Amino acid sequence: MKLLGRRKSQETGVGEVVLAPDDALAPGEAPRRKRTDPKGRPTPKRGQARGTAKKGPIAPAPMTAAEARARRKTLAGPKLSRDERREQRLASRAKMTDRRERMMAGEEGYLLPRDQGPVRRYVRDVVDSRRNLLGLFMPSTLTLLFMTFGVPQLQLYLSPAMLVLVVLMSVDALVLSRKVSNLVDAKFPDNTESRWKLGLYAAGRASQMRRMRSPRPQVERGSSVE
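Residues numbered from 1 in each chain as written. Predicted model: local features only at pLDDT ≥ 70, side-chain atom pairs only at ≥ 80, totals over all residues. Heavy atoms only, no water.

Asker: An account of a positive patch on the surface is requested, with residue identities and associated values reported.
Answerer: Residues Arg69, Arg72, Lys73, Lys79, Arg82, Arg85, Arg89 and Arg93 make up a contiguous surface patch of positive charge. Taken together, the elements giving at least two residues each to the positive patch come down to helix 2 (65-76) and helix 3 (82-104). Ranked by residues supplied to the positive patch, first place goes to helix 3 with 4 residues. (Patch = residues over 30% accessible without salt bridge, like charges linked within 9 Å, V, L, I, M, F, W, Y side chains within 5 Å. Areas by Shrake-Rupley, 256 points an atom, 1.4 Å probe, with all protein chains shown as cover. Salt bridge = Lys/Arg side-chain N within 4 Å of Asp/Glu carboxyl O. Lys, Arg positive; Asp, Glu negative; His and termini not counted. Charge placed at Lys NZ, Arg CZ, Asp CG, Glu CD. Helix = DSSP H or I, 4+ residues; strand = E, 2+ residues; numbered from the N terminus.)

In structure tokens, the structure reads:
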């Protein structure tokens, strides 16, 4: 506690008590004391103050459902007619169809991130140019299930048949992964992508039926890929 007229070294407690000078007081009036309360929090920096400052007045929350509907209509913009909405839907559908067709055709700018790049394109061509046992997984599984439902006596042979099918397809996936990795190393010596990722990508594409692959195959079966 600091008092006017005393030296700065004289402190008496927490807070400050300031005495007004004698010439500023009326005759017979006692000196007034002014206490400064602690702020209790640090002064925010300029960036924090600007970040927390309000950008503008906030509209009050709607009190009724009618006010809420009116606000939604205002935010949605002008109301479109039936013909305008139909044209908007047709334009959006045509745009999506065009993007999908370009993606299925293999255009680089429309491919998914997993399919982009010359290395992935080369892997797809290698997979599409050969016959893969992995592509028979879904048809074989569905055929075995339908045969089991039609002839219940075949349930005893379903598990061994599925096990043999899984083993054959696993071997084919390993052979394909190794082949793809070796071809990529020979054609793209500066490639930094791991052989494991390329093998999984090739096996995943080979496990799909040819007509369901995305992007659409660009090479015929049996053709040579260079």
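Still to come is the rest of the account.
Asker: Mind laying out empty space enclosed by the protein, listing which residues take part and the relevant values?
Answerer: In this approach, a probe sized like a water molecule rolls over the atoms, and the result shows the empty space that is left. In total, this model carries 1 cavity of 30 Å³ or more according to the counting rule given. Estimated volume of the largest cavity: approximately 50 Å³. Taken together, Gly106, Arg121, Arg124, Asp125, Asp128, Arg205, Pro215, Arg216, Pro217 and Gln218 make up the full set of residues lining the largest cavity. Here the lining of the largest cavity gets 4 residues from one element, more than from any other, and that element is helix 4 (residues 118-128). Taken together, the residues of the lining of the largest cavity break down into 2 nonpolar, 2 polar and 6 charged. (1 Å grid on protein atoms, 1.4 Å probe; cavity = no way out; pocket = protein on both sides within 12 Å on 5 of 7 lines; lining within 4 Å. Points joined across faces, edges and corners; volume = space filled by probe spheres on them. Nonpolar A, V, L, I, M, F, W, Y, C, P; charged D, E, K, R; others polar.)

Asker: An account of the side chain of aspartate 172 is requested, with residue identities and associated values reported.
Answerer: Topologically, aspartate 172 is positioned in helix 6 (residues 155-187). We classify aspartate 172 as buried; its relative accessible area is 9%. At 3.5 Å, the side chain of aspartate 172 and the backbone nitrogen of leucine 134 are in polar contact. Ignoring any residue separated from it by four or fewer positions in sequence, one finds aspartate 172 in contact with Arg130, Asn132, Leu133 and Leu134. (Buried < 20%, exposed > 50% of the residue type's maximum accessible area, 1.4 Å probe, protein only. Polar contact = N/O pair within 3.5 Å; in protein donor to acceptor, adjacent residues only side chain to side chain. Contact = heavy atoms within 4.5 Å.)

Asker: An account of the pattern of salt bridges is needed here, citing residue identities and associated values.
Answerer: The full count for this structure, using the stated rule, is 11 salt bridges. The closest approach of N and O atoms between arginine 121 and glutamate 108, which form a salt bridge, is 3.6 Å. Residue arginine 121 is found in helix 4, and its partner glutamate 108 is found in the loop between helix 3 and helix 4; the two are separated by 13 residues along the sequence. Residue classification places glutamate 108 among the partly exposed residues on the basis of a relative accessible area of 35%. Across the pair arginine 195 and aspartate 185 runs a salt bridge whose closest N-O atoms are separated by 2.3 Å. Placement of the pair is arginine 195 in helix 7 (residues 195-206) and aspartate 185 in helix 6, with a sequence separation of 10 residues. With a relative accessible area of 37%, aspartate 185 lands in the partly exposed category. What you see here is one network of salt bridges that share partners, running through Asp98, Arg102 and Glu107.

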